[in-house]
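# Tertiary structure, described
Take a look at the letters that make up each chain.
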Amino acid sequence: MKKVAIYGQAYTNTAEKEVKILLAVLEKHNIVVFFEQQFYNLFIEHNSLYKKYPTYTHFNDLSDNFDVMFTIGGDGTILRAVTYIRDLDIPIVGINTGRLGFLATVQKNQIEETIDLILKKEYSLQERFLLQIETSPATEDFSELNFALNEVTIARRNTTSMIGIKTFLNTEYLTNYWADGLIIATPTGSTGYSLSCDGPVILPNSKSFVITPIAPHNLSARPMVIPDDTYIHLEVSAREKDFLISLDSRITTVSLETKIRIQKAPFTIKSILPKNQSYLKTLRGKLLWGEDTRNESL
């Protein structure tokens, strides 16, 4: 590991402490550090850095000669970081300053140990699949960033009325979901919005997606797991003239005539899993599986 990128979205006392720990460990190993420009500016404003660092502002400023990208924040920070990495195959290590982190799993007291394990190559790479969207007519907001690591969500806009989402798998008609919306989630996104709508948890290396309706009118409309080589076609009907499409945290409004095609993206995102961690351990911890909380309030 010779060159790394650091990305974050907000300055907090916790973020400052963790960045300083991270920088100290990286510099001890003579590793070159690049900061995302806006995140770097926040630290400069607070006089929190004792030296200058090179910066990047866009995907075009990075390249595949970066060994790792460290993110400072929660899972939402990693979703934003993906828009910088795209198909460069730069692995991500998420340092968690948030609360519920399925992706950002490294705690402050684990930073030095994690870097030591990476330098010793004592880790595995988790390959995470993404979704890609095409719309007809084309949507300008998705002209460059047309992919999502967690989910693509179709939702109603400015109304209490449900929308109808006619759904085709490949060329075969599945059903017309009458609901507040529809989530198409990756295995990574199965522990996000989809999970809160009663979707299943899917292991990251599973070759599948899940279609999860949001508050469906017909209670027989259940989440459905489908192979990840499926093409999903959607057509929306509603009382309003438009509806919402979101790709992870990026959201836009489109006209009711817009037709949607969703498929697996042609690239993946890689996350580093040090040998002292496992996905199932994270899952148990975050979802409190097997924990007895009956006496916590006593």
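In this report, the structure presented in the accompanying data block is examined.

## Focus: the pairing of strand S14 (residues 232-237)
Residue alternation in S14 divides its side chains into a buried set, Ile232, Leu234 and Val236, and an unburied set, His233, Glu235 and Ser237. Across six bridges, strand S9 (residues 163-169) lies against S14 in antiparallel orientation. Bridge pairing in S14 places Gly164 opposite Ser237. When S14 meets strand S17 (residues 259-274), the two strands line up antiparallel, connected through four bridges. By the bridge assignment for S17, His233 is matched with Arg261.

## Description of the pattern of salt bridges
Within the structure shown, the criterion is met by nine salt bridges. With a shortest N-O distance of 2.9 Å, Glu16 and Lys20 are connected by a salt bridge. Taken together, the residues span about one helical turn, with Glu16 and Lys20 both in helix H1 (residues 13-28) at a distance of four residues. The partner of Arg86 in a salt bridge is Glu144, and the shortest N-O contact between them spans 2.9 Å. A residue pair is termed long-range when its members are at least 10 positions apart, and Arg86 in the loop between helix H3 (75-85) and strand S5 (92-96) and Glu144 in the loop between strand S6 (123-136) and strand S7 (147-148) qualify at 58 residues. Residue class for Arg86 comes out buried when judged on its relative accessible area of 11%.

## What about the nonpolar core?
Core analysis: the biggest nonpolar cluster contains 27 residues, and Ile6, Leu22, Phe35 and Phe70 have the highest contact counts within it. Among the secondary structure elements, those contributing two or more residues to this core are strand S1 (3-8), H1, strand S2 (32-36), helix H2 (37-45), strand S4 (68-73), S5 and helix H4 (111-119). With six residues, H1 is the single largest residue contributor to this core. Every residue in contact with Leu22, bar those within four places of it in the chain, is listed here: Ile6, Phe70, Ile72, Ile95, Ile111 and Ile115.

## Focus: the packing of aromatic side chains
Within the structure shown, the criterion is met by 11 aromatic pairs. Taking the centre distance of 5.2 Å and the plane angle of 50° together, the rings of Tyr7 and Tyr84 count as tilted. Taken as a pair, Tyr7 in strand S1 and Tyr84 in helix H3 lie far apart in primary sequence, 77 residues in all. Tyr84 carries the same exposure label as Tyr7, and that label is buried. Pairing Phe35 with Phe39 gives two aromatic rings, centres 6.3 Å apart and planes at 35°, and the pair type is tilted. The two residues Phe35 and Phe39 agree in class, both being buried. Each member of the aromatic cluster is reached from another via a ring pair, and the members are Tyr11, Phe35, Phe39, Tyr40, Phe43 and Tyr53. Positioned over the ring face of Phe66 is Lys3, at 4.4 Å from the centre of the ring. Looking at Arg250, its charged tip hangs above the ring of Phe147, at a distance of 5.6 Å from the centre.

## Quick look at the sheet that holds strand S11 (residues 181-185)
Taking strand neighbours across the sheet as the criterion, the six strands line up as S13-S12-S11-S8-S15-S16 in an open arrangement whose pairing is antiparallel. Each edge of the open sheet carries a strand with a single partner, namely strand S13 (224-227) and strand S16 (250-255). Neighbour-to-neighbour, the strand axes of this sheet turn through a mean angle of 20°, independent of strand direction. As defined by bridge partners, S11 adjoins strand S12 (residues 208-214) across five bridges and the pair is classed as antiparallel. Residue Ala185 lies in a different strand from S12, and its bridge partner there is Val210.

## With respect to the packing of H1 against H4
Interhelical geometry of H1 versus H4 gives an angle of 35° and a closest axis separation of 9 Å. The way H1 lies across H4 gives a crossing that is right-handed. Residues Glu18, Ile21, Leu22, Val25, Leu26 and Lys28 of H1 form the contact with H4, whose participating residues are Ile111, Glu112 and Ile115. Split by residue class, the contact of H1 with H4 holds six nonpolar, no polar and three charged.

## Side note on the environment of Pro91
Position of Pro91 among the secondary structure elements: in the loop between H3 and S5. Residue classification places Pro91 among the buried positions, given a relative accessible area of 10%. Taking the C-alpha atoms as reference, Pro91 lies 23 Å from Tyr11; in sequence the two are 80 residues apart.

## Description of unusual backbone geometry
A cis amide bond, omega 0°, links Ser136 with the succeeding residue Pro137. In this fold, Pro137 is placed in the loop between S6 and S7. Phi angles above zero are rare outside glycine, and Asn170 is one such case at about 55°. In this fold, Asn170 is placed in the loop between S9 and strand S10 (172-179). A residue is classified by how much of its surface remains accessible, and Asn170, at 38% relative accessible area, is partly exposed. Positive phi, normally seen in glycine, also occurs at Asp198, with a value near 75°. As for its position among the elements, Asp198 is in the loop between helix H5 (193-196) and S12. Given the relative accessible area of 58%, Asp198 is considered exposed.

The rules behind each value
- Residues numbered from 1 in each chain as written.
- Predicted model: local features only at pLDDT ≥ 70, side-chain atom pairs only at ≥ 80, totals over all residues.
- Heavy atoms only, no water.
- Buried < 20%, exposed > 50% of the residue type's maximum accessible area, 1.4 Å probe, protein only.
- Helix = DSSP H or I, 4+ residues; strand = E, 2+ residues; numbered from the N terminus.
- Pairing = 2+ DSSP bridges.
- Salt bridge = Lys/Arg side-chain N within 4 Å of Asp/Glu carboxyl O.
- Core = buried A, V, L, I, M, F, W, Y, C linked by side-chain atoms within 4.5 Å.
- Contact = heavy atoms within 4.5 Å.
- Phe/Tyr/Trp six-rings, centres within 6.5 Å; stacked < 30°, edge-to-face > 60°.
- Lys NZ or Arg CZ within 6 Å of the ring centre and 35° of its normal.
- Axes fitted to C-alpha atoms, helices over the stretch in contact; angles between N-to-C directions.
- Left-handed = near helix turned anticlockwise from the far one by under 90°.
- Nonpolar A, V, L, I, M, F, W, Y, C, P; charged D, E, K, R; others polar.

Taken by themselves, the reported measurements are silent on function.
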